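Structure at a glance
Residue-level listing of the chains:
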Amino acid sequence: KSILLISLAACSAPLSGAGTDTYHLVWSEEFNEINSADSPAWTIVEGNGCPSACGFGNNERQTYTSEHKNLRTEGGALIIEAHKNETYTSAKITSQKLPGWTYGKISVRAKLPKGVGTWPAIWMLPDDSKHGSWPKSGEIDIMEYLGDAPTVVMEHVGFNEGHVHGTVHTEAYNHKIGTQKGGDIFLPSATNTFHTYTITWTDQTIFWLIDGQQYFRFDKQASDTTAEWPFDNPFHLILNLAIGGDWGGIEGVDEKAFPARFEIDWVKVCCAYSGHSR
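Presented here is an overview of the structure given in this document. Just so it is clear, the structure is predicted and the values come from calculations on it, not from any experiment.

Counting its regular elements, the chain contains one helix and 17 strands. Here the chain holds 278 residues, and the buried ones make up 54% of them. Considering only residue pairs separated by 6 or more positions, the chain has 72% of its internal contacts joining residues 24 or more positions apart.

Applying the stated rule across the entire model yields nine salt bridges. The closest approach of N and O atoms between Arg261 and Glu74, which form a salt bridge, is 2.6 Å. Taken together, the positions of Arg261 in strand 17 (residues 260–272) and Glu74 in strand 4 (residues 71–74) put the pair 187 residues apart, joining distant regions of the chain. In this structure, Lys220 engages Asp232 in a salt bridge whose closest nitrogen and oxygen atoms are separated by 3.7 Å. Residue Lys220 is found in the loop between strand 15 (213–219) and strand 16 (235–243), and its partner Asp232 is found in the loop between strand 15 and strand 16; the two are separated by 12 residues along the sequence.

Once that is clear, we can look at the sheet that holds strand 11 (residues 163–169). Spatially, seven strands are ordered 2-7-16-9-10-11-12 in an open sheet, and the strand pairing comes out antiparallel. Edge positions in the sheet fall to strand 2 (43–45) and strand 12 (181–186), since each of these pairs with one other strand and no more. Across the sheet, the mean angle from the axis of one strand to that of its neighbour is 15°, orientation sign disregarded.

Inspection of the entire model under this criterion finds one disulfide. The disulfide partner of Cys50 is Cys54, and the S-S distance across this bridge is 1.9 Å. Torsion about the S-S bond of the Cys50 and Cys54 cystine: about 135°, corresponding to right-handed handedness. Of the cysteine sulfurs around Cys271, a residue in no disulfide, the closest is that of Cys270, at 7.6 Å. Overall, the relative accessible area of 2% leaves Cys271 in the buried class.

Let us now look at the packing of aromatic side chains. Under the defined criterion, the tally for this structure stands at 14 aromatic pairs. Residues Tyr88 and Phe258 carry aromatic rings whose centres are separated by 5.3 Å and whose planes lie at 50° to one another, so their mutual orientation is tilted. Taken as a pair, Tyr88 in strand 6 (residues 88–90) and Phe258 in the loop between strand 16 and strand 17 lie far apart in primary sequence, 170 residues in all. On the basis of relative accessible area, Tyr88 is assigned to the buried category, the value being 6%. Here the aromatic rings of Trp229 and Phe231 are separated by 5.4 Å at their centres, their planes lie at 90°, and the arrangement is edge-to-face. Across the pair, exposure class does not vary: Trp229 and Phe231 are buried alike. An aromatic cluster is present here, built from Tyr103, Tyr173, Trp201, Phe218, Trp229, Phe231 and Phe235 joined pairwise through their rings. When the ring centre of Tyr23 is taken as origin, the NZ or CZ atom of Lys105, which lies over that ring, is 5.5 Å away. Sitting over the ring of Tyr173, Lys181 keeps its end group 4.8 Å from the ring centre.

Moving on, we come to the environment of Trp27. Along the chain, Trp27 turns up in strand 1 (residues 23–29). Judged by relative accessible area, which is 14%, Trp27 ranks as buried.

Bringing the environment of Trp134 into the picture now. You can see Trp134 is positioned in the loop between strand 9 (118–126) and strand 10 (139–145). Residue classification places Trp134 among the partly exposed positions, given a relative accessible area of 36%. If sequence neighbours within four positions are ignored, Trp134 has contacts with Leu125, Glu139, His169, Asn174, His175 and Lys176. One polar contact links Trp134 to Glu139, side chain to side chain, over a distance of 2.7 Å.

Calculation notes
- Residues numbered from 1 in each chain as written.
- Predicted model: local features only at pLDDT ≥ 70, side-chain atom pairs only at ≥ 80, totals over all residues.
- Heavy atoms only, no water.
- Helix = DSSP H or I, 4+ residues; strand = E, 2+ residues; numbered from the N terminus.
- Buried < 20%, exposed > 50% of the residue type's maximum accessible area, 1.4 Å probe, protein only.
- Contact = heavy atoms within 4.5 Å.
- Salt bridge = Lys/Arg side-chain N within 4 Å of Asp/Glu carboxyl O.
- Pairing = 2+ DSSP bridges.
- Axes fitted to C-alpha atoms, helices over the stretch in contact; angles between N-to-C directions.
- Disulfide = S-S within 2.5 Å.
- Phe/Tyr/Trp six-rings, centres within 6.5 Å; stacked < 30°, edge-to-face > 60°.
- Lys NZ or Arg CZ within 6 Å of the ring centre and 35° of its normal.
- Polar contact = N/O pair within 3.5 Å; in protein donor to acceptor, adjacent residues only side chain to side chain.

As far as function goes, none of this settles anything; it's purely spatial.
Here it is, written out as structure tokens:
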């Protein structure tokens, strides 16, 4: 692949409905290698969230590890692979070694895993809990996907087979109280083909796009406080593959889905020439 061409495409391609700002690349990751000891950007999360938040607050079933079977680079891509033996193991990394970004365009090219009960996510949390603990300081979910099951009819509210989701969580808008703000789009090729998942984030609006096409936006209102819009501070990126949980496991977990493979080709972070940088 051409790193230069990919970088330019991720930062400069027209974005339907998301404005006409020109962006410049400020950071990228091609995943030629990742190592828990010397990665300049990535922190590898290990464990099951205990004791502070067992199941990571969502009753998820996996334990995150740094083992090669769960986390590795392969052919210029990051592989996060979930396995089932006596327990479920998977992987999660964060960009917390880097200073976070406030506003900009964040793009991740990925191919999603198959199987009911798999829950891949590309998301962001604040570097500092300036407005208080979750959800007061905000969360931006760039991409979440509930593993597909083509032969099963899904009827649960909130479970949209084959749909990619983009969401924000704040004190006023979050899933714990059923007020979260988000959108979704049917993407039947999500598990077979790489797609580019993007947000463009300004001081007034966050847009969600797939392959440059907008499917959701969240706007700051004139009357908003930090309870509605806490998105004026640095955030870092998180990539993970969860198993089960309150949302990811709403239809159970398909034991035949493992190993389940989440592939991330690259990450690009860009800032608008006329906008804000980190």
